[in-house]
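Working through the structure, step by step
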Amino acid sequence: MGPSLDFDPLALAIAPPPNETPQEREAREYAEAEAIRISNEIDEQIRRERDKERKKRKPVKLLLLGQSESGKTATLKNFQLIYAKREWLEERNAWRPVVYFNLVRNVNCILDLLTREMSAQSARDTVSSSDESSEDLQHPPLKFKEKHRLLKLRLGPLKRVQTDLERRLGSTAIEPHSTSVTTAAPFGEDRRALQEFSINSTNGWKTALEKIKAMRSARTEATEGPLRKVNDVDDEIAEVIAGCKDDIKAIWEDSTVRELLNRSKTRLEDAAGFFLNDVDRIAATNYQPSDDDVIRARLRTLGVQEYRFIFENGRTAGQEWLLYDVGGTRSSRAAWYPYFDDVSCFDEKLAEDRRVNRLEDSYLLWRSICSCKLLARTQIILFLNKCDLLQAKLMRGVRIRDSVPSFGDRRNDLATATRYFQQHFREILKQYSPVQRSFFVHLTSVIDTRSTAATLGTVEESILRDHLRRADLM
């Protein structure tokens, strides 16, 4: 015969034992009441924690997007300098190897050009006079002297210094090369290793700095062994660079070398991480980076890096901000919806695809983000960066209409140019945005920390208002 339908195994399990004495019953009821009390306390604690979590201020998220060398990381460093000063000071000295790396890379770029040109000129000298008519006589040949050969020899150790610094800072990366000229999206089939050293997102510049700081902290406690060798490497690099100071100044200030750079259209002073004008100060064994040095230092990151800051001052003091620094080459754009921030590039090409004008690429990027439905409710702030470089180009006589025919016969000055670019970006936003939204634009030079501080103050307030509005607190 099967079990009765009224049989309840749970009731049977919790039923008092048969023949329970009054004392046993009292103990059992006390234990049950205590278990209920503890359970209720746990439930109340969970409820309080949930209420606290709901009331907790959510972090403000800021995504920094743009083309390679457009100033994204410099903007992030300005945020840290202005709003998280304590953390900034703690890691400022860790940027010393990066500044050294930038300086020796500048010098080695000159040495590479000089070596190629001297070799080519030597090859031309072996050609018979009957073949001279076939040579390119657009420019007279540069006159290299014995001092140039000696400078190459004396600055040769900087090649090894650059290799040592690259090994310490991270590993090189291979990126996709070509992309569709008619779109701002990756990827092309052809791949090549770019010339510029870079570190992967899994070992970003923050990670590289932490590694350097950890080495320095550990070696102060060590007097022998491998950590002692790390200290020796630091001292050796500083001493080699300091020993090359006069030769670095000589090769940078040499008129023949300057003409070589002009002919090859290499403007090191316009690129990120340029420190050749600061050799006297940096090429010293006791050198320590300044705030401006850190802002200007260049260490390119591929991929997406997340940085957390607790703002120490400003309108959002105590508020946690999450800033995302994203690689700007086209190969990195699969990870983010594009955003653009550089106006000085109207006459330049993309580093990863020399067929593509950087300004045209920026328009494509801007149109892409404006038309993206997933970002329709996202607040967008456009930084037209590197206005200082734009002004320098215009003062050198570079004409915008030669690279941007639609600029026409407008005045070739900074005010007219920036108005023209702003209007173009505004029209793209108006035409392609799924919903109408405000157009926020700032003309910036993020290596100018004072002017950038004022700009970021305005940006902070704008972002905070949007953040509070989304949290239904306004």
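Note: the structure precedes this text.
What you are looking at is a predicted structure, and each value in this text was computed from that prediction instead of being measured.

About the cut-offs
Residues numbered from 1 in each chain as written. Predicted model: local features only at pLDDT ≥ 70, side-chain atom pairs only at ≥ 80, totals over all residues. Heavy atoms only, no water. Helix = DSSP H or I, 4+ residues; strand = E, 2+ residues; numbered from the N terminus. Buried < 20%, exposed > 50% of the residue type's maximum accessible area, 1.4 Å probe, protein only. Contact = heavy atoms within 4.5 Å. Core = buried A, V, L, I, M, F, W, Y, C linked by side-chain atoms within 4.5 Å. Phe/Tyr/Trp six-rings, centres within 6.5 Å; stacked < 30°, edge-to-face > 60°. Lys NZ or Arg CZ within 6 Å of the ring centre and 35° of its normal. Expected span 1.5 Å × (residues − 1). Salt bridge = Lys/Arg side-chain N within 4 Å of Asp/Glu carboxyl O. Arc of directions from axis to C-beta. Axes fitted to C-alpha atoms, helices over the stretch in contact; angles between N-to-C directions. Left-handed = near helix turned anticlockwise from the far one by under 90°. Nonpolar A, V, L, I, M, F, W, Y, C, P; charged D, E, K, R; others polar.

Let us now look at the overall build of the protein chain. Scanning the protein chain for helices and strands turns up 18 helices and 11 strands. Across the 474 residues in the protein chain, those meeting the buried criterion constitute 44%. Within the protein chain, contacts between residues separated by at least 24 positions form 76% of all contacts whose residues are at least 6 apart in sequence.

Bringing the nonpolar core into the picture now. In terms of nonpolar packing, the biggest core is built from 48 residues, with Leu158, Ile241 and Leu276 touching the most fellow members. For this core, the elements supplying multiple residues, two or more each, are helix 3 (72-83), helix 5 (96-125), helix 7 (157-169), helix 9 (226-243), helix 10 (245-253), helix 11 (255-263), helix 12 (279-282) and helix 13 (291-296). Beyond its immediate stretch of four places on either side in the chain, Leu158 contacts Val104, Val107, Asn108, Val240, Ile241, Cys244 and Ile248. Residues Leu375, Leu382, Leu394 and Phe407 belong to the second largest nonpolar core, which totals 22 residues.

Let's shift gears to the packing of aromatic side chains. Taken as a whole and assessed by the stated rule, the structure comprises 12 aromatic pairs. Considering the side-chain rings of Phe79 and Phe311, the 6.3 Å spacing of their centres and the 40° angle between planes classify their relative orientation as tilted. Within this pair, whereas Phe79 is found in helix 3, its partner Phe311 is found in the loop between strand 6 (304-310) and strand 7 (320-326), the two being separated by 232 residues in sequence. Summarising the burial analysis for this pair, Phe79 and Phe311 share the class buried. Considering the side-chain rings of Phe311 and Trp321, the 4.5 Å spacing of their centres and the 10° angle between planes classify their relative orientation as stacked. Residue Phe311 is located in the loop between strand 6 and strand 7, and its partner Trp321 is located in strand 7; the two are separated by 10 residues in the primary sequence. With relative accessibility at 1%, the residue Phe311 sits in the buried group. Assessed through its relative accessible area of 0%, Trp321 is described here as buried. Above the ring of Trp95, the side-chain terminus of Lys77 is found at 4.4 Å from the ring centroid. Sitting over the ring of Phe407, Arg410 keeps its end group 5.9 Å from the ring centre.

Another aspect to go through is helix 3. The terminal C-alpha atoms of helix 3 lie 17 Å apart, and with 12 residues this matches the ideal 16 Å at 1.5 Å per residue to within 8%. Burial analysis of helix 3 places 11 of its 12 residues in the buried class, which makes it a mostly covered element. Taken together, the buried positions of helix 3 are Lys72, Thr73, Ala74, Thr75, Leu76, Lys77, Asn78, Phe79, Gln80, Leu81 and Tyr83.

Now for the pattern of salt bridges. What the rule picks out here adds up to 30 salt bridges. The salt bridge partner of Lys159 is Asp112, with a shortest N-O separation of 2.4 Å. Placement of Lys159 in helix 7 and of Asp112 in helix 5 is noted, with a sequence separation of 47 residues between them. Owing to a relative accessible area of 34%, Lys159 belongs among the partly exposed residues under this scheme. Put simply, Asp254 and Lys147 hold a salt bridge, and the shortest N to O gap is 2.9 Å.

To continue, consider unusual backbone geometry. Trans is the prevailing form of peptide bonds, just as negative phi is the prevailing case for residues other than glycine. Backbone geometry at Asn19 places phi at a positive 60°, although glycine is not the residue there. With respect to the helices and strands, the residue Asn19 is situated in the loop between helix 1 (9-14) and helix 2 (22-55). In the Ramachandran plot, Lys265 falls in the positive-phi region, its phi being about 55° despite a non-glycine side chain. Tracing the sequence through the fold places Lys265 in the loop between helix 11 and helix 12.

Within the span of helix 10, buried status applies to Asp247, Ile248, Ile251 and Trp252. The arc that holds every buried residue of helix 10, seen down its axis, measures 130°, which confines them to one face. Residues of helix 10 that are exposed and point more than 90 degrees away from the buried face comprise Asp246 and Glu253.

Another aspect to go through is the environment of Tyr432. Structurally, Tyr432 is set in helix 17 (residues 414-432). The class for Tyr432 is partly exposed, based on a relative accessible area of 30%. The spatial distance from the C-alpha of Tyr432 to the C-alpha of Cys372 is 8.6 Å, given a sequence separation of 60 residues. With sequence-adjacent residues up to four places away left out, Tyr432 is seen in contact with Arg367, Cys370 and Ser371.

It is worth spelling out the packing of helix 14 (residues 358-371) against helix 17 at this point. Helices that pack against each other are described as a pair by the angle of their axes relative to one another and the distance between those axes. Running from N to C, helix 14 and helix 17 cross one another at 30°; their axes reach a closest spacing of 8 Å. Between helix 14 and helix 17 lies a crossing whose hand is right-handed. Along the contact surface, helix 14 presents Leu359, Ser362, Tyr363, Trp366, Arg367, Cys370 and Ser371, while helix 17 presents Tyr420, Phe421, His424, Phe425, Ile428, Leu429 and Tyr432. Grouping the constituent residues of the contact of helix 14 with helix 17 by class yields 10 nonpolar, three polar and one charged.

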